[in-house]
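Chain by chain, the residues run as shown.
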Amino acid sequence: MSAVIDHDHAHGHHDHHGGYGGIMRWITTTNHKDIGTLYLWFSFLMFGVGGIMAVVIRAELFSPGLQFVNPDFFNQLTTMHGLIMIFGAIMPAFVGFANWQIPMMIGAPDMAFARLNNWSFWLLPFAATLLALSFLMPGGAPGVGWTMYAPLTVQMGMGMDFTIFAVHLLGMSSILGAINIITTILNLRAPGMTLLRMPLFVWTWLITAYLLLAVMPVLAGAVTMTLTDRHFGTTFFNAAGGGDPVLYQHIFWFFGHPEVYVVALPAFGVISQVIPAFSRKPLFGYASMVYATSAIAILSFIVWAHHMYTTGIPVSGQLFFMYATILIAVPTGVKVFNWVATMWKGSLSFETPMLFALGFLFMFTLGGFTGLVLALVPVDIQLQDTYYVVAHFHYVMVAGALFAAFAGIYFWLPKWTGKMYDETLGKIHFWLTLVFLNMIFFVQHFLGLAGMPRRIPDYPLMFETWNKISSLGAFGMGLAQLLFLYIVVKCIRSGAPAPQKPWEGADSLEWTHLPTPVPYHSFETPPVLH
Amino acid sequence: MTQNASTHGRQQHYSVPQPAPWPIMGSAALLLMAIGGVFVMNGTRAGWASIGAGFLLLVYMMVRWFGDVIRESEGGKYGGWEDLSFRWGMSWFIFSEVMFFGAFFAALFWARVYSVPDLGSIESNALMWPGFAPRWPSAGPAFEEQFTPMAAWGIPAINTLLLLSSGVTVTLAHWALKENDRRQLVLFLALTVALGVLFIGLQAYEYGHAIRELNLKLSTGIYGSTFYMLTGFHGFHVTCGAIMLTVILVRCIRGHFTPDHHFGFEGVAWYWHFVDVVWLGLFIFVYWL
């Protein structure tokens, strides 16, 4: 067959990379697999940077009093840790999965807009550069928290402006990526790959892309108004001029709550591929999974003010947002039920991806329950801005999204590299991560319930024991991720050759229709599906 | 893969472009502009050099990247399958732009419905701002100068007429293209560009009038903030739209597009209708009510 994939020299199935070699291959590439790889390595790099910040934060909190950093720098670290982990590590990781997997799972030759896809990635390192530059400016990086609330943002130095422009670039990247993913899924499916035959990972990304399209521009609007308030005399968030700082919070959380599901839905998608594969059963309740994912996405737009119970909103507003938030537990419960039901009477085996998926299932559910606790207005008024909140969202972001990302990496690494990772080391990585993660965050529930506030570098003596345990957990967690890096590098360099379908129960197109390792161009003509 | 999808009566090969240096060039341009912008805003005039360099690089990148796309399109690389991708892509891009405007409209409605009335409430009068009477337009309780709000039924009404007419002319141009009447196509497209440029000119005149005679500035409290942010952001979009239309006009004059293959034209027309509809929202909520 002759492909019209449009490269300079040869056509067809060989592993050539177009007109450029060396570093220029990665800079100019339009191949979804190359771009997926770039996303994943970038995300791991940012995971390291954000992780080092977390370790410094925990080192400071190891003992009461001030040891290593001054309070201002501590605030800068918590702010940048949040921004980098969300926009630099977790989101790019799942976009990396989307790039690698969506075209292969739906039988497409590549992403719909391959050059644009390159830009979506290459905006990220430049945005990260802007964030890094902010540390070097007079006054340092912004210490306002990742939520960038007005009026604090008006008081910051030049670092704030760098962060604002970085958010603009990150938003552009997400919007262009979302357009690409939606178009790919809607227009590039192979004949016979109807919407309701798509793997659930593809479904979750379709819905996530819509969330991104709807909320990233709103975030851009919010930080743009912050910028003009800082430098051009506008008073959007200044009551003296008729504006309102609370307005910032509304606009930000209209972005911010769906953003939680931008991170969580692709994680659900990965878990929905991994659990059936290792249960050797099809996913239980496929259609209800699709509906539940959509319901979560729609509900996510009408719950934002549960982040603002203590900001000053009417009781009627608090009640509305409380009930709407609790409603999200219903579709989320459907999902958890379906995952468990998929395993019911399945022929289970516990390789590393499955271990991470099960870790996800237990701990994400725990994070969901503490979310329900925080959704209750009277409880939240006690707990807001304490370590209980920190524990809650880290169970969602780390035990949820990060565990799903690990599950996905171990699951697909053999397909991508053509080699198996070291199963024993993988299991060790899982258990270390699981234990240290709970050491860090489980105890933070107690700290929060006892009243320890977040974003403060010092604390009373009574909190010392739990903080020491949490900090030790953080150091261990950091070291455990070096093991992960070693496992991945070892797999790429010297792993044993992987078969086409290393996981017995896996059934999507990349396993059934493509060799291992996958060729550089897959599905140049659509596969025939029955 | 000896079989393929020919039995489904669909195009078999999707055109995947070759590697290109343009995206990273665009990122570098935006980085230069961002760094320059930060320095200029914080009082370092040297930042202008960085903004200028970044802007030139951005323009160069767009000329080259879009040039590649135009060559590929005219070279017959894009069939119906790629065309459908472009349609999805443009639609969802416009949707994201709607959400961007949504953030600024939200600020306007919030100020009018919540924050200004709240600042004039009994508690607020007693505790913070004695004597502040909540009415719209308002520049907030601490604003001490006098200003005149922008009236709807002068230039803004004329501008509404201009933009709505340009929506008609661009549609007439589209009909002419589909009939392969190139003379009418160029005529109506040129008329559309002219109406757009006239709109921008009148908008600029109106800004000058507002600043000099009405004492209405970006810093005129929440009214000035929302007025200039919404109309300015819209004006920026009209400017981009007018440049896009001009490119399409030049392409039409050079004989690009056929009656059944002209998404470049349609995409820009969609964009133009989008700025048109946003303007109607602006006219109603910013100027009129």
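On a predicted model such as this, the values are computed, not experimentally measured, just so you know.

S.K.: I would appreciate a short explanation of the overall build of chain A in the present structure.
M.R.: Counting its regular elements, chain A contains 18 helices and zero strands. The C-alpha radius of gyration computed for chain A amounts to 23 Å, which stays within 12% of the reference 24 Å derived for 530 residues, consistent with globular compactness. With the C-alpha coordinates of chain A rotated into their principal frame, the extents come out at 70 × 50 × 45 Å. Within chain A, the proportion of its 530 residues that are buried is 66%. Across chain A, the fraction of contacts at a sequence separation of at least 24, relative to all contacts at a separation of at least 6, is 81%. Of the roughly 17,400 Å² of accessible surface on chain A, 72% is carried by carbon and sulfur atoms. Placing the 20 positive and 22 negative side-chain charges of chain A at their respective mean positions leaves the two points 9 Å apart.

S.K.: Sorry, what's going on with the packing of aromatic side chains here?
M.R.: Geometry of an aromatic ring pair is reported as the spacing of the ring centres plus the angle between the planes. As enumerated under the stated definition, the model contains 85 aromatic pairs over all chains in all. Between Phe 162 of chain A and Phe 39 of chain B, the aromatic rings sit 6.4 Å apart at their centres with planes inclined by 80 degrees, giving edge-to-face as the arrangement. Pair noted here: Phe 162 of chain A is in helix α6 (residues 158–187) and Phe 39 of chain B is in helix α1 (residues 22–41), and the two residues belong to different chains. A residue is classified by how much of its surface remains accessible, and Phe 39 of chain B, at 27% relative accessible area, is partly exposed. Between the aromatic rings of Trp 279 of chain B and Tyr 287 of chain B, the centroid separation amounts to 5.5 Å while the plane-to-plane angle is 45 degrees, which identifies the pairing as tilted. Against the face of Trp 26 of chain A rests Arg 25 of chain A, its NZ or CZ located 4.2 Å from the ring centre. In this arrangement the basic side chain of Lys 468 of chain A is found over the ring face of Phe 62 of chain A, its NZ or CZ atom lying 4.4 Å from the centre.

S.K.: How should the nonpolar core be read in this particular structure?
M.R.: The nonpolar side chains of a soluble globular protein tend to be buried with one another. Phe 87, Phe 94 and Trp 339 of chain A together with Phe 265 of chain B are the most contacted members of the largest nonpolar core, which totals 273 residues. When residues are assigned to domains, this core turns out to be shared by domain 1 (18–74) and domain 2 (83–288) of chain B, each giving three or more. Sequence-distant contacts of Trp 339 of chain A, that is, excluding residues within four places in its chain, are made with Phe 268, Ile 271, Ser 272, Ile 275, Leu 283, Met 289, Phe 360 and Leu 361 of chain A.

S.K.: Please clarify how the packing of α6 of chain A against helix α3 (residues 80–119) of chain B should be interpreted in this entry.
M.R.: A packed helix pair is summarised by two numbers, namely the angle formed by the two axes and the spacing between the axes. The N-to-C vectors of α6 of chain A and α3 of chain B enclose an angle of 140 degrees; their axes lie 9 Å apart at closest approach. Judged on the interaxial angle alone, α3 of chain B and α6 of chain A are oblique. Between α6 of chain A and α3 of chain B lies a crossing whose hand is right-handed. Listed contacts from α3 of chain B to Ile 175, Ile 179, Ile 182, Thr 183, Leu 186 and Asn 187 of chain A of α6 of chain A are Trp 81, Leu 84, Ser 85, Trp 88, Gly 89, Trp 92, Phe 93 and Ser 96 of chain B.

S.K.: Quick question: what am I supposed to make of the pattern of salt bridges here?
M.R.: Note on pairing: side chains with opposite charge can pair once their charged atoms come close. All told, the structure shown has 11 salt bridges over all chains when counted by the stated rule. The salt bridge partner of Arg 115 of chain A is Glu 72 of chain B, with a shortest N-O separation of 2.9 Å. Of this pair, Arg 115 of chain A sits in helix α4 (residues 114–136) while Glu 72 of chain B sits in helix α2 (residues 47–74), each in a different chain. In this structure, Arg 115 of chain A and Glu 72 of chain B share a single accessibility class: buried. Across the salt bridge formed by Arg 454 of chain A and Asp 385 of chain A, the nearest N and O atoms sit 3.8 Å from each other. Separated by 69 residues along the polypeptide, Arg 454 of chain A in the loop between α16 (423–449) and α17 (464–494) and Asp 385 of chain A in the loop between α14 (377–383) and α15 (387–417) bring together distant segments of the chain.

S.K.: Please clarify how the packing of α15 of chain A against α16 of chain A should be interpreted in this entry.
M.R.: All names here are of chain A. In contact at an axis separation of 8 Å, α15 and α16 are set at 165 degrees when each is read in the N-to-C sense. It follows from the interaxial angle that α15 and α16 lie roughly antiparallel. As for how α15 packs across α16, the hand of that crossing is left-handed. Residues of the contact of α15 with α16, tallied by class, amount to 17 nonpolar, nine polar and no charged.

S.K.: Please clarify how unusual backbone geometry should be interpreted in this entry.
M.R.: Among all residues except glycine, the phi angle is most often negative; among peptide bonds, the trans geometry is most common. All names here are of chain A. Omega for the bond connecting Thr 516 with Pro 517 falls within 30 degrees of zero, at -5 degrees, which places this linkage in the cis form. Phi angles above zero are rare outside glycine, and Met 148 is one such case at about 55 degrees. With respect to the helices, strands and loops of the structure, Met 148 is situated in the loop between α4 and α5 (152–155). In this structure Met 148 comes out as buried when scored by relative accessible area, which is 3%. Located in the positive-phi region is Arg 455, a residue other than glycine, with phi close to 60 degrees. Along the polypeptide, Arg 455 turns up in the loop between α16 and α17. A relative accessible area of 28% places Arg 455 in the partly exposed class.

S.K.: Explanation requested: the interface of chain B and chain A in the structure shown.
M.R.: Often, the extent of an interface is quoted as the loss of accessible area on bringing the components together. On the chain A side, the residues contacting the 70 residues of chain B number 82 residues. Here chain B meets chain A over a buried area of about 6,500 Å², counting both sides, of which 73% is carbon and sulfur. Inspection of the chain B/chain A interface yields one salt bridge. If you look at where chain B meets chain A, you find 18 residue pairs in polar contact (both at pLDDT 80 or more). For the side of chain B that touches chain A, the secondary-structure elements that each account for two or more residues are α1, α2, α3 and α7 (221–253) of chain B.

S.K.: Explanation requested: the side chain of Ser 96 of chain B in the structure shown.
M.R.: Note on placement: Ser 96 of chain B falls in helix α3. Accessibility expressed as a relative area gives 4% for Ser 96 of chain B, which makes it buried. What Ser 96 of chain B contacts, discounting residues up to four positions off in sequence, is Ile 175, Leu 213 and Pro 217 of chain A.

S.K.: So what exactly am I meant to see when it comes to the side chain of Gln 76 of chain A here?
M.R.: Residues and elements named next belong to chain A. Note on placement: Gln 76 falls in helix α3 (residues 71–106). Only 3.4 Å separates the side chain of Gln 76 from the backbone oxygen of Gly 139, close enough to count as a polar contact. Apart from residues lying up to four places away in sequence, Gln 76 is in contact with Phe 135, Gly 139, Gly 140, Ala 141, Pro 142 and Gly 143.

Criteria and thresholds
- The numbering scheme is per chain: residues are counted from 1 as the chain's sequence reads.
- Ligands are numbered from 1 and chains lettered from A, in the order in which they are written.
- Confidence filtering applies because this is a predicted model: local features only for residues at pLDDT of at least 70, side-chain atom pairs given and counted only at 80 or more, and all residues used for totals across whole chains, interfaces and linings.
- By convention in this description, side-chain values take in all heavy atoms of the structure and omit both hydrogens and water.
- The helix and strand labels rest on DSSP assignments: H or I over at least four residues marks a helix, E over at least two residues marks a strand, and numbering proceeds from the N terminus.
- With the radius of gyration taken over C-alpha atoms, the globule rule is written as 2.2 Å times the number of residues to the power 0.38.
- Only protein chains enter the accessibility calculation, which uses a 1.4 Å probe. A residue is then buried if its area is under 20% of the maximum for its type, exposed if over 50%, and partly exposed in between.
- We call two residues in contact whenever any of their non-hydrogen atoms come within 4.5 Å of each other.
- Accessibility throughout is a Shrake-Rupley quantity obtained with a 1.4 Å probe, and a residue counts as covered only by protein chains that appear here.
- Positive charges come from Lys and Arg alone, negative charges from Asp and Glu alone, with His and the N- and C-terminal ends not counted.
- The atoms used to mark charge sites are NZ of Lys, CZ of Arg, CG of Asp and CD of Glu.
- Each pair of aromatic rings taken from Phe, Tyr and Trp, with Trp reduced to its six-membered ring, is defined by centres within 6.5 Å and is described as stacked if the planes are under 30 degrees apart, edge-to-face if over 60, and tilted in the remaining cases.
- For a Lys NZ or an Arg CZ to count as sitting over a ring, it must be within 6 Å of the ring centre and within 35 degrees of the ring normal.
- Take the buried Ala, Val, Leu, Ile, Met, Phe, Trp, Tyr and Cys residues and link them wherever side-chain atoms come within 4.5 Å; each set so joined is a nonpolar core.
- An automatic or database domain assignment supplies the residue ranges for each domain.
- Think of each axis as a best-fit line through the C-alpha atoms, taken over the contacting stretch in the case of a helix, with angles from 0 to 180 degrees between the N-to-C directions.
- Angle categories are assigned with fixed cut-offs, so that under 35 degrees is roughly parallel, over 145 is roughly antiparallel, 65 to 115 is roughly perpendicular, and the rest are oblique.
- Handedness of each helix crossing follows the sense of rotation of the near helix against the far helix: counterclockwise by less than a right angle gives left-handed, clockwise gives right-handed.
- Each reported salt bridge corresponds to a side-chain nitrogen of Lys or Arg within 4 Å of a carboxyl oxygen of Asp or Glu.
- Only Asp, Glu, Lys and Arg are considered charged in this grouping, and only Ala, Val, Leu, Ile, Met, Phe, Trp, Tyr, Cys and Pro are considered nonpolar; every other residue, Gly among them, is considered polar.
- Buried area is a sum: the accessible area each of two parts loses on coming together, probed at 1.4 Å, counted once for each and added.
- In protein, a polar contact means a hydrogen-donor-capable atom and an acceptor-capable atom, both N or O and within 3.5 Å, with residues adjacent in sequence counting only if both atoms are side-chain atoms; elsewhere, any N or O pair within 3.5 Å suffices.

Read these as layout, nothing more, since geometry by itself doesn't imply function.
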